[in-house]
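Examination of the molecular architecture
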Amino acid sequence: MSAPNPPAPALAQGQQQQADNIEYTKKARHGHGKDVTDDSGIRQVAGCLPIDPVNMRFLLVSSRKRPGAWVIPKGGWEEDETQEHAALRETWEEAGIKGTIIRQIGVFQERNKKGVKAHHWIYELEIREVVKKFPEKKKRERRWVRSINLCGVGRGA
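Presented here is a report on the structure given in the accompanying data block. (Residues numbered from 1 in each chain as written. Predicted model: local features only at pLDDT ≥ 70, side-chain atom pairs only at ≥ 80, totals over all residues. Heavy atoms only, no water.)

Some details on the overall build of the protein chain
A tally of regular secondary structure across the protein chain gives two helices and seven strands. Shown N-terminal to C-terminal, the secondary structure of the protein chain runs as helices and strands in the order α-β-β-β-β-α-β-β-β. Counting across all 157 residues of the protein chain, residues that qualify as buried make up 49%. Expressed as a percentage of contacts within the protein chain between residues at least 6 apart in sequence, the contacts between residues at least 24 apart total 73%. Accessible surface, the protein chain: about 9,200 Å² in total, of which carbon and sulfur atoms supply 50%. (Helix = DSSP H or I, 4+ residues; strand = E, 2+ residues; numbered from the N terminus. Buried < 20%, exposed > 50% of the residue type's maximum accessible area, 1.4 Å probe, protein only. Contact = heavy atoms within 4.5 Å. Areas by Shrake-Rupley, 256 points an atom, 1.4 Å probe, with all protein chains shown as cover.)

Some remarks on unusual backbone geometry
Here the phi dihedral of Met-56 falls at roughly 50 degrees; this positive angle occurs in a residue that is not glycine. Within the secondary structure layout, Met-56 lies in the loop between β1 (43–52) and β2 (57–62).

Describing the environment of Arg-143
Looking at where Arg-143 falls in the secondary structure, it is placed in strand β7 (residues 142–146). For the pair Arg-143 and Val-71, spaced 72 residues apart in sequence, the C-alpha to C-alpha distance is 9.6 Å.

Concerning the packing of aromatic side chains
Two numbers describe a pair of aromatic rings. These are the distance of the centres and the angle of the planes. According to the stated counting rule, one finds one aromatic pair in the structure shown. Seen in terms of ring centroids, Trp-77 and Trp-121 are 6.3 Å apart; in terms of plane orientation they differ by 75 degrees. Their pairing is edge-to-face. Placement of Trp-77 in the loop between β4 (74–76) and α2 (83–95) and of Trp-121 in strand β6 (residues 115–130) is noted, with a sequence separation of 44 residues between them. Classification of Trp-77 as buried rests on a relative accessible area of 15%. Cation over ring: Arg-57 sits above Trp-144, and NZ or CZ is 3.7 Å from the ring centre. (Phe/Tyr/Trp six-rings, centres within 6.5 Å; stacked < 30°, edge-to-face > 60°. Lys NZ or Arg CZ within 6 Å of the ring centre and 35° of its normal.)

Let's talk about the pattern of salt bridges
One pass over the structure, following the stated rule, counts twelve salt bridges. Between Arg-57 and Asp-52 there is a salt bridge, with its nearest N and O atoms 3.0 Å apart. Per residue, the accessibility class of Arg-57 equals that of Asp-52, and both read buried. With a shortest N-O distance of 4.0 Å, Glu-78 and Arg-89 are connected by a salt bridge. Separated by eleven residues along the polypeptide, Glu-78 in the loop between β4 and α2 and Arg-89 in helix α2 bring together distant segments of the chain. The same class applies to Glu-78 as to Arg-89, namely buried. (Salt bridge = Lys/Arg side-chain N within 4 Å of Asp/Glu carboxyl O.)

Let's talk about the pairing of β1
Among the ten residues that make up β1, nine are buried, leaving the element largely enclosed by the rest of the structure. As paired elements, β1 and β6 share nine bridges and run parallel to each other. Residue pairing across strands places Leu-49 opposite Glu-124, the latter belonging to β6. One ladder, built from three bridges, connects β1 with β4; its direction is antiparallel. If you follow Ala-46 over to β4, its bridge partner there is Gly-75. Pairing of β1 with β2 involves two bridges; the strand directions are antiparallel. (Pairing = 2+ DSSP bridges.)

Purely geometric stuff here, so don't read any function into it on its own.
Shown next, in the form of structure tokens:
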């Protein structure tokens, strides 16, 4: 991934409430046929960096494609949802995390040999609940990463 664009301002209260309105299903959604693409046909991906500001830590999940790698929960943004909703849904499906989006961290490009493969819209998520059972529990592991300084993230900083 390349360097991020400058962070967007914190989401307005109404946007937080709208983005936080998600149905927590027992099964993950799958269907690349519904993925949002830009005018150049580049896939749009949304995800969250789940942060626990009380314990000064954030959560990563095991990658399904790269054994031994740890990634943030993210996945395809689908046509019937907003970026924020897609980010919340993917964080639920892959990590079993419920929370509130605080702000957009940035947009990153994923590249391969042919060029830009996807744009990743990443949000800061303040964790509200960590559940034991979630859609991809049998496919992924969770790993907490402690940080002395989360670089100003948490509570909309």
